[in-house]
Amino acid sequence: MTDTPILHVDMDAFYASVALRERPDLVDEPVVVGGSGRGVVLAANYVARHYGIRSALPMTRVRRLCPHVVVLAPDYATFTSVSASVMETFREVTPVVEAMSLDEAFLDVRGSTRRLGPPRQIAEQLRSTIHDEQGITCSVGVAASVSVAKLASRRAKPDGVVVVPPAEVTSFLHPLDVGELYGVGEKTQALLHRFGLLTVGDVAHTPLRTLQRAVGAHLGRELHHLAWGTDRSELVPRAGDHEPERSMGADETFARDTDDREFVVRELLRLSAKVGGRMRAAGVAGRTITLKVRFADFTTITRSRTMPEATDVTVEIHRTVTRLYDALGLQRARLRLVGVRVEGLVPRDTVHHQLVLGEPERGWPEADRAVDRATRRFGSAAVRPGSLM
DNA sequence: TCTGGGGTCCTAGGACCC
DNA sequence: TCTGGGGTCCTAGGACCC
């Protein structure tokens, strides 16, 4: 038995590390994986971080911080396959693996210590296996609860292990800035700082009611638990990919801001087709359709409509978001992004579409299926809705 | 030429029903 | 009966995470 059964394993600079396997000549150079133009950094290696480069930083600022930075394009197919191999390695240690994303998972090793030794030893063994098999490094946090393990893996980075025994939880947590806590982002951090709560210890010693008045009932209770390390220790085993999604969406930032309605409507068709295709591939349909619009000044609004019946039909999604868009009555407003999302997803076979005599919808689901078949055979570039040609 | 794209969850107000 | 409370759905916005 062990009093620190939770491991949080986090790949170091995952996308960058994977990309550098193909380019060993660049390992000592500042390297980021990211988009072009208006994109942001997806991952930066530790050399690049030396220049102040971080994930989510706009590429324009990256080039200013470090003009000779090497930018590599993301290769998601490779990231996904490396991730699958790593997750397989985790499952050789324990069946209780909760994947959080491609590069991060929690492991419950309660049932593995007799076979594999204490958690620290398991962590080191995992790190060396992953390094040998995948050529990338990772860091591991070990603790009694999920959030302490996650904070410990952050402390362990890069390429290390940190174990936080129960007796050391408060001395580990309380000096940290409140912004380190899961669920505390830029806004909440600033809010807490304004209340004079700078460290996790400050939060821990604030009466629950006071905390809840400041940040809301739910987050207040949550933060109190996180500050004392009394969050959950039971994992939800899941693969990370094939779990039922509650919503599916797609959005795109334009290369240039636009006020051209025809262009926007065409983009909405492309996004609707993308979302509809993914829904049909997953066998789900949804009732609530949401349009997202981001203006040139970055203000963002959404408009949604809930339909009487769930749909997965591209044309219905597109017609709905186009109506929502037109109802905004925009004239000269310059847009930088539009998005389409379908929520309230249910398995497609639970939807009983009422056939209305003479309804013009008939034929569209069949058209979608034909598009889906052609896409599977020839790839998405081969099949486009008519007006995208 | 500041600020991606995929998501989740929470809050709050109003409608509507009992 | 002029005053109500609870529950659910819908909409919009916002914060957060990877």
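What counts and what doesn't
Residues numbered from 1 in each chain as written. Chains lettered and ligands numbered in written order. Predicted model: local features only at pLDDT ≥ 70, side-chain atom pairs only at ≥ 80, totals over all residues. Heavy atoms only, no water. UniProt positions renumbered as here; feature names shortened; annotations may be inferred. Helix = DSSP H or I, 4+ residues; strand = E, 2+ residues; numbered from the N terminus. Contact = heavy atoms within 4.5 Å. Near = heavy atom within 4 Å. Polar contact = N/O pair within 3.5 Å; in protein donor to acceptor, adjacent residues only side chain to side chain. Core = buried A, V, L, I, M, F, W, Y, C linked by side-chain atoms within 4.5 Å. Buried < 20%, exposed > 50% of the residue type's maximum accessible area, 1.4 Å probe, protein only. Nonpolar A, V, L, I, M, F, W, Y, C, P; charged D, E, K, R; others polar. Salt bridge = Lys/Arg side-chain N within 4 Å of Asp/Glu carboxyl O.

Now for the UniProt feature "active site" (unreviewed entry) in chain A. Residues annotated by UniProt as "active site" (unreviewed entry) correspond here to Glu-104. Within the element layout of this structure, Glu-104 appears in strand 6 (residues 104-108). Apart from residues no more than four positions distant in its own chain, Glu-104 is found in contact with His-8, Val-9, Asp-10, Met-87, Ala-99 and Lys-150.

As a structural note, the neighbourhood of DNA strand C is formed by 19 residues, with Ser-101, Lys-150, Thr-188, Ser-304 and Thr-306 the closest of them. Backbone atoms, meaning sugar and phosphate, form 100% of the atoms of DNA strand C found within 4 Å of the protein. Between Lys-187 and DNA strand C, the recorded distance is 3.1 Å, taken from a backbone N or O atom to a phosphate oxygen. A distance of 2.5 Å is found between a phosphate oxygen of DNA strand C and a side-chain nitrogen or oxygen belonging to Thr-188.

Once that is clear, we can look at the nonpolar core. Counting 35 residues, the largest nonpolar core has Leu-7, Val-9, Met-11, Phe-14, Phe-90 and Leu-107 as the members making the most contacts within it. Elements that contribute at least two residues to this core include exactly strand 1 (6-11), helix 1 (14-21), strand 2 (31-34), helix 4 (76-93), strand 5 (97-101), strand 6, helix 6 (119-134) and strand 7 (138-143). Within the second largest apolar cluster, 30 residues are counted, among which are Phe-106, Ala-156, Leu-176 and Leu-197.

As a further point, take the protein's contact with DNA strand B. Around DNA strand B lies a shell of 25 residues, among which Ser-247, Asp-251, Thr-253, Arg-278 and Arg-336 are the nearest. Sugar and phosphate atoms constitute 71% of the interface atoms of DNA strand B, taking the interface as everything within 4 Å of the protein. Lys-274 is positioned with one of its side-chain polar atoms (N or O) 3.3 Å from a phosphate oxygen of DNA strand B. Top contributing element to the surface near DNA strand B by residue count: strand 9 (residues 247-258), with seven residues. Taken together, the residues of the surface near DNA strand B break down into nine nonpolar, six polar and 10 charged.

A separate point is the pattern of salt bridges. In total, this model carries 21 salt bridges according to the counting rule given. With its nearest N and O atoms 2.8 Å apart, the salt bridge here joins Asp-326 to Arg-261. With a gap of 65 residues between them, Asp-326 in helix 14 (residues 314-327) and Arg-261 in helix 13 (residues 261-282) connect regions that are remote in the sequence. Close ionic contact of Glu-366 with Arg-369 constitutes a salt bridge, the shortest N to O distance being 3.5 Å. You can see Glu-366 and its partner Arg-369 sitting in helix 15 (residues 364-378), three residues apart, about one turn around the helix. Bridged by salt links that share partners, the residues Glu-98, Arg-232 and Arg-238 form one connected network.

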